[in-house]
Amino acid sequence: MPIARRVTAAVIVALAIATVVWIGDATAATTNEADLLARARALELHTTYVAPPGDPASHHAAGFAQVICSAVFISGLNEKFAAENVGYFTAPYAQRAKLGKPVVDWDTRRVTVTVPGGAARVAQFIGDQGCVTYPEGRERLEYTPRAIPSELADPATQDWPMGDRIESERRPRGVNWAKVGRAVDAAFANPEGMTAAFVVTWRGQIIAERYAPGITLRTPLESWSMGKSVTASLLGILIRRGAYELNQPAPIPEWQTPGDPRAAIRIVDLLRMSSGLRIRAPYDPDFDPAGGYPDHLYFYTGTVNSFHYAATRPQQWPPNTVGRYRNTDPVLVNYLIRLAVERRGEDYLAFPRRALLDPLGMRSMVIETDPYGNFLTQGYDLACARDWARLGNLYLQDGVWNGQRILPEGYAKFVSTLAPAWVADGRPVYGGFFWINGDGEMPIPKEAYYMAGAGGQFTIIDPAHDLVVVRLGHFKGDEPGTKDLYKALALLTAAVPSRASAAGH
């Protein structure tokens, strides 16, 4: 998320198509925090908050073990480098010093982190489902991991976008190549930004690309909440297949008792981060790190059935009234995805690969699970920059890929339209599991939208310039790396013609 919209590094350390409704002026200035909080208090329901169970130190250790496991066995990073630079979100840097150093067992492909005076936490690489952290004191999963190989040919034998071959001498006309080169330099300008991968496509063609030493065009890197947009994509596929409708009440089994107010929450409310469910998240405007371990992180580190935990949270506000960036909503959409896939008699573990990843040529993506086999695409996902560029281009092309419609017609418009509850809050920045540049913070059109993940991970879709820009970096370089990205974006939008200027000619 952009700097002004996300928890700062200091806070992280302290944690040690249905009808689209347009409300208000998308260019309106954000309300001040006092007004935003007063509005939320006026709408709040009388329910009780229940904190996540367990020892926060143990949760931090679980997050640390998972991060190192993924960095080492999926991204191929050195474990000491990863411990210093990667994945502060679930394993805050300040908390790492209070835990035992990660012990990597290469034979069993597991990582162990000890808690002083407590139990060790263990994460293990399990294959195509990536790494999973075991429940405390137990090394057993509630499902059977298995291989889900890609059915695609070697990418070296296929042209972009389905493969990795690119005609290096072919340069499209109308591009200011000097500015493109300066944009790439800007993205890597500050070494403290730790930019790892940078890919730019214009009209679907790669026009710029660079990687940090040791990173290749196929290296899966930490991507965090960009996975929420993968969740939106998987649900969109199911909507196109007739499994759901956007405006229907979300059929969460735990909400079907007569009189349960959560039964009024629609699928569209979940996609817009407007369900109103009560948890604590670091992105809440009134979040206090001293208030205990936040549920938003517990979905990663609790090693419980994340779907059931999310479904049992009480209601804080009526749905579609208050916008809050909370992991309950994408976790519950993932729950709906599993319910629909299994109801249709399909293979849940294979569904992302067969329905989305293989059709787009996304071979590198790894989506990790909780111990119950539930995909945690709210943020436990890794992929290479080119694969994120492929997904971005699916949306740039209105959900059509190689002439085949993958997403419902108009779905790209839906996810990139401001969520009414967020607009009502005076924050014109969120759509449907995509962020929107509605407040103009980025030097790109306000209609541009993007996937964003903690630590400075971005896939930006700028339809006005036919651009998709991907920036991945190591977590420690979050803020300087994001500032470099903004400078690169300003150069890129000046380097290519806009659709408006092309139409004028």
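About the thresholds
Residues numbered from 1 in each chain as written. Predicted model: local features only at pLDDT ≥ 70, side-chain atom pairs only at ≥ 80, totals over all residues. Heavy atoms only, no water. Pairing = 2+ DSSP bridges. Helix = DSSP H or I, 4+ residues; strand = E, 2+ residues; numbered from the N terminus. Axes fitted to C-alpha atoms, helices over the stretch in contact; angles between N-to-C directions. Parallel < 35°, antiparallel > 145°, perpendicular 65-115°, else oblique. Contact = heavy atoms within 4.5 Å. Nonpolar A, V, L, I, M, F, W, Y, C, P; charged D, E, K, R; others polar. pLDDT = per-residue confidence, 0-100. Core = buried A, V, L, I, M, F, W, Y, C linked by side-chain atoms within 4.5 Å. Buried < 20%, exposed > 50% of the residue type's maximum accessible area, 1.4 Å probe, protein only. Disulfide = S-S within 2.5 Å. Polar contact = N/O pair within 3.5 Å; in protein donor to acceptor, adjacent residues only side chain to side chain. Salt bridge = Lys/Arg side-chain N within 4 Å of Asp/Glu carboxyl O.

### Focus on the sheet that holds strand β3 (residues 121-125)
Part 1: If you trace the four strands from one edge of the open sheet to the other, you get β1-β2-β3-β4, paired in antiparallel fashion. Across the chains shown, the open sheet's two edge strands, defined by having one partner strand only, are β1 (103-105) and β4 (131-133). With direction set aside, neighbouring strand axes in the sheet form an average angle of 20 degrees.
Part 2: With four bridges connecting them, strand β2 (residues 110-113) and β3 associate as antiparallel partners. Looking at β3, one finds that Val 113 is bridged to Arg 121.

### Comments concerning the packing of helix α6 (residues 177-187) against helix α16 (residues 478-495)
Part 1: Interhelical geometry of α6 versus α16 gives an angle of 170 degrees and a closest axis separation of 8 Å. Taken together, α6 and α16 sit at an angle that is classed as roughly antiparallel. Facing α6, whose interface residues are Lys 179, Val 180, Arg 182, Ala 183, Ala 186 and Ala 187, α16 presents Asp 484, Lys 487, Ala 488, Leu 491, Leu 492, Ala 494 and Ala 495.
Part 2: Grouping the amino acids of the contact of α6 with α16 by side-chain chemistry returns nine nonpolar, no polar and four charged.

### A short note on the confidence of the model for the chain
Part 1: Residues of the chain with pLDDT of at least 70 account for 92%, and the chain-wide mean is 93.
Part 2: Within the model, the stretch residues 6-30 combines pLDDT values under 50 with 61 contacts to residues more than four positions away or in other chains.

### Concerning the nonpolar core
Part 1: Formed by 162 residues in total, the largest nonpolar core has its most connected members in Phe 198, Trp 388, Leu 391, Tyr 395 and Tyr 411.
Part 2: Considering each element in turn, this core owes the most residues, nine residues, to helix α3 (residues 56-73).
Part 3: Not counting residues within four places of it along the chain, the set of residues in contact with Leu 391 comprises Val 230, Ser 233, Leu 356, Leu 360, Met 362 and Met 451.

### Quick look at the sheet that holds strand β7 (residues 221-222)
Part 1: The strand order β7-β9-β8 describes an open sheet built from three strands, whose pairing is antiparallel. Every other strand in the sheet has two partners, leaving β7 and β8 (366-367) as the edge strands with one partner each.
Part 2: Here β8 runs beside strand β9 (residues 381-383); their pairing, made up of two bridges, is antiparallel. Within β9, the position partnered with Val 366 by the bridge is Leu 382.

### Some remarks on the state of the cysteines
Simply put, disulfide is the name for a covalent bond between the sulfur atoms of two cysteines.
Part 1: Here the structure, examined in full by the defined rule, presents one disulfide.
Part 2: Here Cys 384 stays unpaired: no disulfide links it, and the sulfur of Cys 131, its closest cysteine neighbor, is 18 Å away.

### Regarding the pairing of strand β13 (residues 449-453)
Part 1: The element β13 is largely enclosed, with a buried count of five among its five residues.
Part 2: The side-chain alternation of β13 yields two buried faces, one formed by Tyr 449, Met 451 and Gly 453 and the other by Tyr 450 and Ala 452.
Part 3: Alignment of strand β12 (residues 435-436) against β13, held across two bridges, turns out to be antiparallel. From the neighbouring strand, Trp 435 faces β13, where its bridge partner is Tyr 450.
Part 4: In the sheet, β13 pairs with strand β14 (residues 457-462) via five bridges, with the strands oriented antiparallel. When the sheet's bridge partners are listed, Met 451 is paired in β14 with Thr 459.

### With respect to the side chain of Arg 262
Part 1: Take Arg 262: it is sitting in the loop between α7 (227-240) and α8 (267-271).
Part 2: Its relative accessible area of 12% is what places Arg 262 among the buried residues.
Part 3: Leave out the neighbours within four places in its chain, and Arg 262 touches Glu 254, Trp 255, Leu 277, Ala 311, Thr 312, Arg 313 and Gln 315.

### Some words on the environment of Val 72
Part 1: By the secondary structure assignment, Val 72 is in helix α3.
Part 2: Taking the C-alpha atoms as reference points, Val 72 and Phe 125, separated by 53 residues in sequence, lie 9.5 Å from one another.

### Overview of the environment of Asp 288
Part 1: Following the sequence through the fold, Asp 288 ends up in the loop between α8 and α9 (295-301).
Part 2: Separated by 2.9 Å, the side chain of Asp 288 and the backbone nitrogen of Ala 290 make a polar contact.

### Re the pattern of salt bridges
Between side chains of opposite charge, a pair can form as their charged atoms come close.
Part 1: All chains considered together, the criterion is met by 27 salt bridges.
Part 2: With a shortest N-O distance of 3.1 Å, Arg 140 and Glu 142 are connected by a salt bridge.
Part 3: Relative accessible area serves as the criterion here: at 45%, Arg 140 is assigned to the partly exposed category.
Part 4: Across the salt bridge formed by Asp 425 and Arg 324, the nearest N and O atoms sit 3.2 Å from each other. One end of the pair, Asp 425, is in the loop between α15 (420-424) and β12; the other, Arg 324, is in the loop between α10 (306-311) and α11 (328-343), and 101 residues separate them in sequence.
Part 5: You can call Asp 425 buried: its relative accessible area is 1%.
Part 6: Taken together, the shared-partner salt bridges connect Asp 164, Glu 209, Arg 218, Arg 386, Asp 387 and Arg 390 into one network.

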